[in-house]
Amino acid sequence: MYIESIRQRLRALGARPVHEQRVLRDWIQVRPWDQGRRRPKDFLPQAVRDALPALEAELKDIARLVSSHPVADDPGSARLLVGLQDGQTVESVLLPRGGLCVSSQVGCAVGCQFCMTGRDGLLRQLTSGEIVAQVALARTQRAVKKVVFMGMGEPAHNLNNVMEAIELLGTEGNIGHKNLVFSTVGDPRVFERLPQGPVKPALALSLHTTKAALREKLLPRAPRLTPQELVELGEQYGRTTAYPVQYQWTLLDGINDGEDEIEGIVALFKGKYGVLNIIPYNSVPDLAFRRPATERCREMIRILHRRGVLAKLRDSAAQEVDGGCGQLRARALEAQRQVIPVRAA
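Numbers given to residues run from 1 along each chain, matching the order in which its sequence is written. Per-residue local features are limited, in this predicted model, to residues with pLDDT of at least 70; the limit for side-chain atom pairs, both in listing and counting, is 80 or more; totals at the level of whole chains, interfaces and linings are taken over all residues. Water and hydrogen atoms play no part in the side-chain values, which are based on all heavy atoms of the structure.

## Here's the deal with the overall build of the chain
So, point 1. Strands are runs of DSSP state E lasting at least 2 residues, helices are runs of H or I lasting at least 4, and numbering of each runs from the N terminus. Scanning the chain for helices and strands turns up twelve helices and twelve strands.
So, point 2. Considering the chain as a whole, with its 345 residues, one finds that 52% of them fall into the buried category.
So, point 3. Residues count as neighbours in contact if any of their non-hydrogen atoms are within 4.5 Å of one another. For the chain, long-range pairs separated by at least 24 residues make up 66% of all intrachain contacts whose partners lie at least 6 apart in sequence.
So, point 4. Note on areas: Shrake-Rupley, 1.4 Å probe, and residue coverage restricted to the protein chains presented here. Total accessible area on the chain is roughly 15900 Å²; 51% of this is exposed by carbon and sulfur atoms. Working definition: with a 1.4 Å probe on protein chains only, accessible area under 20% of the residue-type maximum means buried, over 50% means exposed, and in between means partly exposed.

Written as structure tokens, this is what we have:
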């Protein structure tokens, strides 16, 4: 289900652009079709009105809630396991202050060594409709004011569908452009494409280290751009859009939390138009990476502040339910494999 295919179906029924906007807006904002200033019977063509019940059922079926894993000490926040029509699942995360993290792929091809999502590689792309449907589904749970593309998958590897979803969310979804955050490991196509669209999202760059060789080891299939080159490209986009770039740094005990990295961060980020988000690692079973001690994380932030770098200590949502990106899906698949069919006597 692609956004453009929905538009084409509506056009075939006689809908004009203003009618398309109304139908799509009601879907994304989870509003009843028969409410609003313009009632359908006074506004929409008869053929569109006749097709609405079936279309509404189809749109609701694009993404369904399989399970919800609330965060005990943060009401409203939760990890969601989302089922798709072909039986695949992805994860969305209800974040504090009305945020939502959505997935853009089933699996991932980047192969980050510390991430569960990419362990089985890329299974398939999500359509633009499946991406937007995660927002509509989340809005049945609570309000969504911000959408970050930081869930399963690398958005740059599904660029057309992600940008189509972003454009719709930024025009009909009642979400400010700076509250749509495109996250990437640094695909060069992103820096060409993002400035061209009618909706220019904020940018988040997954950096994780200032050392080019270490980054190649941690992100083996990411584009071969050095951290310095990535920050320069991010700086250009941030200055152009007036949205400070968010640099993501998953903090790994004994790997990228040392004094040498602190010096590298100061040299790379001081005076830049952005913020460094330091996210302590959410441990994954069977992987050797570990989460640094809480005091070490806080000490890094204090040192960086003293050295003139804007850095914030973040936490991956739903740590206490072992819900690091990809883990809910992995556990659900493992449970399915353990179900042994009972043969008839």
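Back to the text.
## Here's the deal with the sheet that holds strand β9 (residues 202-206)
So, point 1. At least two bridges found by DSSP between two strands is the condition for calling them paired. Strand order in the open sheet formed by ten strands is β1-β2-β3-β4-β7-β8-β9-β10-β11-β12, with mixed pairing between adjacent strands. The two strands at the open ends of the sheet, each matched to only one other strand, are β1 (63-70) and β12 (311-313). This sheet shows a mean twist of 25 degrees between the axes of neighbouring strands, independent of strand direction.
So, point 2. The strands that helix α6 (residues 159-171) touches are β7 (146-149) and β8 (180-184); relative to β8, the one it contacts most, it runs at about 165 degrees. Only the contacting stretch of a helix is used when fitting its axis, a line to C-alpha atoms as for every element, and angles between N-to-C directions run 0 to 180 degrees.

## With respect to the pattern of salt bridges
Two side chains with opposite charge may pair up if their charged atoms get near one another.
So, point 1. Salt bridge, as used here: a side-chain nitrogen of Lys or Arg that lies within 4 Å of a carboxyl oxygen of Asp or Glu. Enumeration over the complete set of coordinates arrives at 20 salt bridges.
So, point 2. For the salt bridge of Glu56 with Lys60, the shortest nitrogen-to-oxygen distance reads 3.5 Å. Within this pair, Glu56 and its partner Lys60 are both found in helix α4 (residues 46-61), separated by four residues, close to a single helical turn.
So, point 3. In this structure Glu56 comes out as partly exposed when scored by relative accessible area, which is 26%.
So, point 4. In this structure Lys60 comes out as exposed when scored by relative accessible area, which is 59%.
So, point 5. Linking Arg79 and Glu91 is a salt bridge whose minimum nitrogen-to-oxygen distance equals 3.7 Å.

## Structural notes on the environment of Thr127
So, point 1. You can see Thr127 is positioned in the loop between β6 (122-125) and α5 (128-139).
So, point 2. Taking the C-alpha atoms as reference, Thr127 lies 8.7 Å from Asn158; in sequence the two are 31 residues apart.
So, point 3. The contact partners of Thr127, leaving out residues within four places of it in the chain, are Met1, Tyr2 and Asn161.
So, point 4. Within 3.5 Å is the distance limit for a polar contact, defined as a pair of N or O atoms, with the added protein rule that one can donate a hydrogen and the other accept it, and that residues adjacent in sequence qualify only through two side-chain atoms. Only 2.7 Å separates the side chain of Thr127 from the backbone oxygen of Met1, close enough to count as a polar contact.

## Overview of the confidence of the model for the chain
So, point 1. The quantity known as pLDDT measures the predictor's confidence residue by residue, on a range of 0 to 100. Model confidence for the chain is summarised by a mean pLDDT of 90, while 90% of its residues fall at 70 or above.
So, point 2. For the stretch residues 318-323, pLDDT sits under 50, and the model shows 18 contacts to residues farther than four places along the chain or on other chains.

## Details of unusual backbone geometry
So, point 1. For Val30, which is not a glycine, the phi torsion comes out positive at approximately 55 degrees.
So, point 2. Here Val30 shows up in the loop between α2 (17-28) and α3 (40-43).
So, point 3. Since its relative accessible area comes to 39%, Val30 is described here as partly exposed.
So, point 4. Within the chain, Arg97 stands out as a residue other than glycine whose phi angle is a positive 60 degrees.
So, point 5. Following the sequence through the fold, Arg97 ends up in the loop between β3 (89-95) and β4 (99-101).

## Observations regarding the nonpolar core
So, point 1. The definition of a nonpolar core used throughout is a set of buried Ala, Val, Leu, Ile, Met, Phe, Trp, Tyr and Cys residues joined through side-chain atoms within 4.5 Å. Formed by 77 residues in total, the largest nonpolar core has its most connected members in Trp27 and Phe182.
So, point 2. In terms of nonpolar packing, the next biggest core, distinct from the first, is built from 15 residues, Cys108, Leu218, Val284 and Leu287 among them.

## Digging into the environment of Ser5
So, point 1. The residue Ser5 is located in helix α1 (residues 3-12) in this model.
So, point 2. For Ser5, a relative accessible area of 27% gives the class partly exposed.
So, point 3. A polar atom in the side chain of Ser5 sits 2.6 Å from the backbone oxygen of Tyr2.

## Considering the packing of aromatic side chains
Two descriptors summarise a pair of aromatic rings, namely the distance from one centre to the other and the angle between the planes of the rings.
So, point 1. Aromatic pairing here means that ring centres of Phe, Tyr or Trp (its six-membered ring) are within 6.5 Å. Orientation follows from the plane angle: under 30 degrees is stacked, over 60 is edge-to-face, and everything else is tilted. What the rule picks out here adds up to four aromatic pairs.
So, point 2. Residues Tyr247 and Phe269 carry aromatic rings whose centres are separated by 4.9 Å and whose planes lie at 65 degrees to one another, so their mutual orientation is edge-to-face. One end of the pair, Tyr247, is in strand β10 (residues 245-251); the other, Phe269, is in helix α10 (residues 259-269), with 22 residues separating them in the sequence. Phe269 shares its class with Tyr247; the two are buried.
So, point 3. A centroid spacing of 6.2 Å and a plane angle of 70 degrees characterise the contact between Tyr281 and Phe289, whose relative ring orientation is edge-to-face.

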